[in-house]
Amino acid sequence: MSLTRTFLDIRPLRSSPVFRRLLIGRTVSLLGGFMTMVTVMYQVWDRTHSTAWTGAVGLAQALPLVGFGLFAGAWADRADRRRVYLAATVGQAVCSLGLAVQGFTGHVPVAGVLLLVAVQSAFGALAAPAAGVFLPRLLPKDQVAAGLALQQVTGQSMMLLGPALAGVLLGWFGIGVCYLLDALSFGLAFYGAFGLPPLPPEGEPARPGLRGALDGLRFLARHRVVRGALITDLAATVLSFPTSLFPLVNAERFGDHPRTLGLFLSALAVGGIAATALSGPLTRLARPGPVMLCASAGWGVALVLFGLTTNAWAGLALLVLAGAADATAVVSRSTIVQTRTPDALLGRVTAAEQIVGQAGPSLGNVRGGLLAGWTSGVTALVAGGALCVLAVAGVAAATPELRDRRKPAAKPAVP
């Protein structure tokens with residue numbers, strides 16, 4: 001295998017100028033988004049010194065995504081996705097400008113800040129299903145996985161860079177400047193999508209309101225491969241998401257050193273970036289089902305071994321492997337969703353995928369915290385990883401199509 005085929009597959013960057021613009025805009029916007037996430041948390045804590053209020057930040061971000069997501073997906077499946085995405089991007093930018101104004105003036109109560117965050121999250125819930133159709137419509141089918149991998153590696157890189165940059169800018173310029181930079185970042189996202197051709201749904205548009213959302217859920221119930229992909233993600237997050245356990249495991253096994261705790265999360269991100277940077281062979285393989293199952297099981301195994309180790313360096317290495325497995329599973333799952341879902345339903349299915357991705361880790365952290373309270377951090381971590389492996393094995397046994405090593409069939413017809 002040549003060295004160039006080992007690294008990230010960059011064919012989409014070469015073949016599609018539109019994809020290049022989209023990726024640049026998305027990357028800059030993600031950087032601004034992670035800066036805003038840290039800035040909101042900092043501002044709320046600085047004003048209240050209350051963990052209840054800082055916890056409410058997460059609710060303000062998550063509840064609109066979960067509650068509005070499927071309806072937003074149905075809306076995206078009734079209209080030109082390009083226009084929906086552009087309108088949602090403008091809405092997000094306006095919310096960031098509102099955050100910047102209150103950051104400079106300091107006269108808006110904390111509840112008002114959280115309201116702006118929630119409205120911005122609602123616009124994000126609309127933008128995501130509209131954007132879900134971009135790659136399958138812009139790239140050849142054999143390059144969709146490579147495009148998703150490029151999005152994954154840039155996104156995880158911004159996850160590392162954004163909080164660090166926010167910390168520096170908060171110290172130098174204050175919260176208003178951080179919010180303003182986020183607002184400006186949406187300008188590049190808007191520019192990246194502005195040159196897209198019209199992207200109306202191919203096939204019958206979604207029915208309005210609840211009926212359209214239920215049509216999307218019926219498709220998920222009937223389509224074994226897409227349903228299995230989302231269930232696999234839920235198994236990996238709800239049953240074994242580890243971050244709420246890191247402080248306790250660090251205290252139980254690694255001397256409660258804050259530096260070690262900080263490295264735990266960084267190790268997951270480093271593993272994800274490394275795996276995606278070396279994803280060329282897997283994205284060219286065109287076998288996302290087996291890859292997703294193996295990667296999801298690998299995530300669970302790595303967490304079990306992390307829970308059993310007493311050596312800090314070995315633990316960090318295992319978290320790097322876990323992060324690599326998670327990133328590989330995410331790219332493979334999204335490839336399955338975007339290549340196996342009819343275009344007319346893709347907005348709703350992408351919204352469901354976003355809800356799973358948002359709710360799964362949150363529920364997983366709750367599960368881990370409750371189980372650790374009854375047992376120990378190590379027990380909760382090992383049990384969660386083991387349950388993840390068993391659940392993935394169950395999905396593989398119940399969904400032979402995900403194990404199929406042959407080339408996937410064409411998209412099914414709209415039911």
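Scroll up for the structure.
Everything numeric in this text was worked out from a predicted model, so none of it was measured. (Residues numbered from 1 in each chain as written. Predicted model: local features only at pLDDT ≥ 70, side-chain atom pairs only at ≥ 80, totals over all residues. Heavy atoms only, no water.)

## Structural notes on the overall build of the protein
To keep it simple, the criterion reads: A run of H or I in DSSP counts as a helix once it spans at least four residues, and a run of E counts as a strand once it spans at least two, with each numbered from the N terminus. In what follows, a contact means two residues having at least one pair of non-hydrogen atoms within 4.5 Å. We get accessible surface area from the Shrake-Rupley algorithm with a probe of 1.4 Å; when it comes to residues, only the shown protein chains can shield them. Note on charges: Lys and Arg go in the positive column, Asp and Glu in the negative column, and His and the chain ends are not counted at all. Note that the charge is assigned to NZ on lysines, CZ on arginines, CG on aspartates and CD on glutamates.
Within the protein, the secondary structure is distributed over 19 helices and zero strands. Judged by the C-alpha coordinates and their principal axes, the protein covers about 55 × 50 × 45 Å. Summarising the internal contacts of the protein: among those between residues at least 6 apart in sequence, 87% fall at separations of at least 24. When the accessible surface of the protein is totalled, it reaches about 17,700 Å², and 70% of it is carbon and sulfur. Between the centroid of the 32 positive side chains of the protein and the centroid of its 17 negative side chains there is a distance of 6 Å.

## Observations concerning helix 11 (residues 224-238)
Rules: Take the residue count of a helix, subtract one, and multiply by 1.5 Å to get its expected span.
Taking 1.5 Å of rise per residue, 15 residues should cover 21 Å, and helix 11 covers 20 Å from first to last C-alpha, within 8% of that figure. In this structure, the buried side of helix 11 is in contact with helix 10 (209-222), helix 15 (288-308), helix 16 (312-340), helix 17 (346-374), helix 18 (377-398) and helix 19 (400-403).

## Topic: a nonpolar patch on the surface
Filter applied, for reference: Patches here are clusters of residues that have more than 30% relative accessible area and form no salt bridge, with a 9 Å joining cutoff for like charges and a 5 Å cutoff for nonpolar side chains (Val, Leu, Ile, Met, Phe, Trp, Tyr). Criterion for a salt bridge: a side-chain nitrogen of Lys or Arg within 4 Å of a carboxyl oxygen of Asp or Glu. Only protein chains enter the accessibility calculation, which uses a 1.4 Å probe; a residue is then buried when its area is under 20% of its type maximum, exposed when over 50%, and partly exposed in between.
Residues Leu97, Phe104, Leu180, Leu181 and Leu184 make up a contiguous nonpolar surface patch of roughly 460 Å² in combined accessible area. Of all the secondary structure elements, the ones that give two or more residues to the nonpolar patch are helix 5 (81-105) and helix 9 (175-194). Top element by residues in the nonpolar patch is helix 9. It accounts for three residues. For Leu180, the location among the structural elements is in helix 9. Take Leu180: its relative accessible area is 32%, and that puts it in the partly exposed class.

## Focus on the pattern of salt bridges
One side chain can pair with another of opposite charge once the charged atoms of both are near each other. One pass over the structure, following the stated rule, counts 12 salt bridges. The salt bridge involving Asp142 is made with Arg11; its shortest N-O contact spans 3.7 Å. Residue Asp142 is located in the loop between helix 7 (134-138) and helix 8 (144-172), and its partner Arg11 is located in helix 2 (residues 11-15); the two are separated by 131 residues in the primary sequence. Classification of Asp142 as partly exposed rests on a relative accessible area of 48%. Classification of Arg11 as partly exposed rests on a relative accessible area of 25%. A salt bridge links Glu202 to Arg137; its shortest N-O distance comes to 3.4 Å. Separated by 65 residues along the polypeptide, Glu202 in the loop between helix 9 and helix 10 and Arg137 in helix 7 bring together distant segments of the chain. A network of salt bridges, in which partner residues are shared, links Asp77, Arg81, Arg137, Glu202, Asp343 and Arg348.

## Some points on the nonpolar core
Cut-off, in case you're wondering: What makes a nonpolar core is a set of buried Ala, Val, Leu, Ile, Met, Phe, Trp, Tyr and Cys residues whose side-chain atoms join them at distances within 4.5 Å.
Of all hydrophobic cores here, the largest spans 32 residues; its most connected members are Phe264, Leu293, Trp299, Phe306, Leu319 and Leu402. Among the elements of the structure, helix 11, helix 12 (246-253), helix 13 (258-277), helix 15, helix 16 and helix 18 are those that each provide at least two residues to this core. Here this core gets seven residues from one element, more than from any other, and that element is helix 15. Those residues within four positions of Phe264 in sequence are excluded, and the remaining contacts are Phe246, Asn250, Phe254, Phe306, Leu316 and Leu319. Residues Leu22, Ala76, Ala149 and Val331 belong to the second largest nonpolar core, which totals 30 residues.

## Some thoughts on the packing of helix 8 against helix 16
Selection criterion: Convention adopted: a line fitted to C-alpha atoms gives each axis, helices being fitted over their contacting stretch, and angles between N-to-C directions are expressed from 0 to 180 degrees. Throughout, the term roughly parallel applies to angles under 35 degrees, roughly antiparallel to angles over 145, roughly perpendicular to angles from 65 to 115, and oblique to all others. Should the near helix be turned anticlockwise from the far one by less than a right angle, the crossing is left-handed, and should it be turned clockwise, the crossing is right-handed. In this classification, Asp, Glu, Lys and Arg are treated as charged, Ala, Val, Leu, Ile, Met, Phe, Trp, Tyr, Cys and Pro as nonpolar, and every other residue, Gly included, as polar.
Relative orientation of the contacting elements helix 8 and helix 16 amounts to 140 degrees, with a least axis distance of 9 Å. Our classification of the angle between helix 8 and helix 16 gives oblique. Like other packed secondary-structure pairs, helix 8 and helix 16 cross with a definite hand, here right-handed. Between helix 8 and helix 16, the contacting residues are Val144, Ala145, Leu148, Ala149, Gln152 and Gln156 on the first element and Ala327, Val330, Val331, Ser334, Thr335, Gln338 and Thr339 on the second. Its residues placed into classes, the contact of helix 8 with helix 16 shows seven nonpolar, six polar and no charged.

## A word on the side chain of Asp182
Worth spelling out the cut-off: As used in this structure description, the phrase polar contact means that two N or O atoms lie within 3.5 Å; if the pair is within protein, one of them must be able to donate a hydrogen and the other to accept it, and residues adjacent in sequence are counted only when both atoms belong to side chains.
Its location among the elements puts Asp182 in helix 9. Arg26 provides the closest opposite charge to the buried, unpaired Asp182, separated from it by 13 Å. One polar contact links Asp182 to Ser96, side chain to side chain, over a distance of 2.9 Å. Residues within four places of Asp182 in sequence aside, it is in contact with Ser29, Gly32, Gly33, Thr36, Ser96 and Gln120.

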